[in-house]
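Observations on chain architecture
What follows is each chain in one-letter form.
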Amino acid sequence: YLPEGTSHMLPEALGIGLFSLRAGEERPALVLDFGLDAAGAVTSVAPREAWVRVAENSTYEKVEENLASPAPDAGLEAAYALAEKLRAARIKAGAVVVERPDPKIVLREEDGRTVVDIEDTPEFPRAQLVVSEFMILGNAAVGAWARDAGLPLLYRTQDVTLPGDAAGVWSTPEDSYRVVRQAGCTLLEPEPRPHACLGVPAYSPITSPLRRYPDLMNQAQVLSWLRNGWPLWSKEELVRLLPVLTARVEAASRIQRYRTRYWKLEYFRQRKDQMFSAVVVEDGPFVSATIPREQFFVRAPRDLFGEKVYPGKRFAVRLGKVNPLLNEVRVMEAVEE
């Protein structure tokens, strides 16, 4: 139930109360008990309900500082060591890891108008690796467990064959663009198919039930199975629900994407005379380039970039005719760096 006029997925009393991560308090949780071998491979997984006491509500920054210290916490050190093994195993299985900055959009008021700034965000590679790999571990293990148990869940799938040289960690704009283009899109479906980029045979999102509705549905399925021995929805019912669910998830994703793009366009509109460093990611009649710091893609006719154009080549570009409401932007000038 959502009180009239609220936009939270859950009532506030649940979202920031009962289901929060307040330190020192007990919270209901879906616990995954794992058996892992020395290489980090899953030998067993058993979901169960439990009340857990949150030891500490920490941050990426605090965990990163701890792991970089001369005497890191033993538990965090073990978690990081396991995360490294998990990612190495996924890459060996064909996983594609794209590392790129995640700039922060900052709005401030100046003389009665909104000024947009884009700031670099600090990186916490060790802490972020632990969180991302443990989330992938949980979602992949639950997907495989449900598949073997005959429990219908929603799966994120990417059942494609990637080139043999796609596996690995990619960070340059041209390499990141290339491997993402090769991978294609993901689907939400009730069949446990592989997820190529993650390098796992089944991936059922369940670790973010307060933020993503498919995760909430999957958790409800697992809890019903554990409590009653049967799922909340049959596979046929999930199939019937999928068109509406997919449409709404995609609509929410579009809002998130275009909201970010709108403010980035406004940022560039306010800086029409400024040159930005860009990297070519695809050549052709139209050149595709990314502005790495702001994480923004542009396309322009090839002749604007001169004769020698290839992925990885750097230019300074000036943007003009920027219209955030119409989602329009044009490259007005490109100078080789």
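Rules and cut-offs
Residues numbered from 1 in each chain as written. Predicted model: local features only at pLDDT ≥ 70, side-chain atom pairs only at ≥ 80, totals over all residues. Heavy atoms only, no water. Salt bridge = Lys/Arg side-chain N within 4 Å of Asp/Glu carboxyl O. Buried < 20%, exposed > 50% of the residue type's maximum accessible area, 1.4 Å probe, protein only. pLDDT = per-residue confidence, 0-100. Helix = DSSP H or I, 4+ residues; strand = E, 2+ residues; numbered from the N terminus. Contact = heavy atoms within 4.5 Å. Patch = residues over 30% accessible without salt bridge, like charges linked within 9 Å, V, L, I, M, F, W, Y side chains within 5 Å. Areas by Shrake-Rupley, 256 points an atom, 1.4 Å probe, with all protein chains shown as cover. Pairing = 2+ DSSP bridges. Axes fitted to C-alpha atoms, helices over the stretch in contact; angles between N-to-C directions. Parallel < 35°, antiparallel > 145°, perpendicular 65-115°, else oblique. Nonpolar A, V, L, I, M, F, W, Y, C, P; charged D, E, K, R; others polar. Expected span 1.5 Å × (residues − 1). Phe/Tyr/Trp six-rings, centres within 6.5 Å; stacked < 30°, edge-to-face > 60°. Lys NZ or Arg CZ within 6 Å of the ring centre and 35° of its normal. Core = buried A, V, L, I, M, F, W, Y, C linked by side-chain atoms within 4.5 Å.

What about the pattern of salt bridges?
Considering all chains together, one arrives at 21 salt bridges under this definition. Of the charged contacts, one joins E110 and R108 as a salt bridge, the two residues approaching to 2.5 Å between their closest N and O atoms. Among the residues examined, R108 registers a relative accessible area of 36% and is labelled partly exposed. Here D148 and R147 are joined by a salt bridge, their closest N and O atoms 3.1 Å apart. The exposed category is assigned to D148, whose relative accessible area is 61%. Overall, R147 belongs to the partly exposed group, its relative accessible area being 36%. Through salt bridges with shared partners, a single network forms among R108, E110, D117 and R271.

Some thoughts on the confidence of the model for the protein
For the protein, the average pLDDT comes to 92, and 97% of its residues sit at 70 or higher. Confidence scores differ between elements of the protein, with helix α1 (residues 12–18) showing the lowest mean pLDDT of 82 and strand β9 (residues 275–282) the highest of 97. Segment residues 1–8 is flagged for pLDDT under 50; beyond a separation of four residues in sequence, or across chains, it makes five contacts in the model.

Quick look at a nonpolar patch on the surface
Side chains of L18, F19, W51 and L210 sit close together on the surface and give an oily, nonpolar patch of about 380 Å² of accessible area. Positionally, L210 belongs in the loop between β8 (187–189) and α6 (213–228). A relative accessible area of 34% places L210 in the partly exposed class.

Some thoughts on the sheet that holds strand β13 (residues 328–336)
Pairing is antiparallel in the open sheet, where five strands are placed in the order β11-β10-β9-β12-β13. A single partner strand is all that each edge strand has here, and the edge strands are β11 (296–301) and β13. Sheet twist, expressed as the mean angle between neighbouring strand axes with direction ignored, is 45°. Here strand β10 (residues 286–291) pairs with β11 via six bridges, running antiparallel. Considered in β11, the bridge of F286 is made with P301.

Some remarks on the pairing of β10
Most of β10 sits inside the fold, with five of its six residues counted as buried. The loop that links β9 with its antiparallel partner β10 comprises three residues. Here β10 folds back onto β11, and the loop between the two strands holds four residues, one of which, Q295, carries a positive phi near 50°.

Quick word on the packing of α6 against helix α7 (residues 235–269)
A packed helix pair is summarised by two numbers, namely the angle formed by the two axes and the spacing between the axes. Look at α6 against α7: their axes get within 11 Å of each other, and the N-to-C directions meet at 150°. Taken together, the axes of α6 and α7 are roughly antiparallel relative to one another. Of α7, the residues touching α6 (which contributes Y213, P214, M217 and Q221) are L238, L241, L245 and V249. Across the contact of α6 with α7, the residue classes tally to seven nonpolar, one polar and no charged.

Here we look at helix α4 (residues 125–149)
Helix length check: α4, at 25 residues, gives a terminal C-alpha distance of 36 Å against a target of 36 Å (1.5 Å per residue), a fit within 8%. After α4 finishes, the residue G150 shows a positive phi value of roughly 80°.

Overview of the packing of aromatic side chains
With the rule as written, the count across this model stands at seven aromatic pairs. Measuring from ring centre to ring centre gives 6.2 Å for Y267 and F276, while their planes differ by 55°; the resulting arrangement is tilted. Considered together, Y267 and F276 belong to a single accessibility category, that of buried residues. We note R178 situated over the ring of W170; from NZ or CZ to the ring centre the distance is 5.0 Å.

Things to note about the environment of V335
Looking at the element boundaries, V335 is found in strand β13. Look at V335 and you get partly exposed, because its relative accessible area is 36%. Here the alpha-carbon distance between V335 and Q158, two residues 177 residues apart in the chain, equals 39 Å.

A few points about the nonpolar core
Ranked by internal contacts, the top residues of the largest apolar core, which has 22 residues, are F268, I291, F305, F315, V317 and L319. When residues of this core are traced back to their parent elements, those giving at least two are β5 (113–119), α7, β9, β10, β11, β12 (314–323) and β13. Here this core gets four residues from one element, more than from any other, and that element is β12. Once you skip the residues sitting within four places of it in the chain, L319 turns out to touch F268, K272, I291, V298, V329, R330, V331 and M332. Counting 13 residues, the second largest nonpolar core, distinct from the first, contains L30, V142, A146 and L151.

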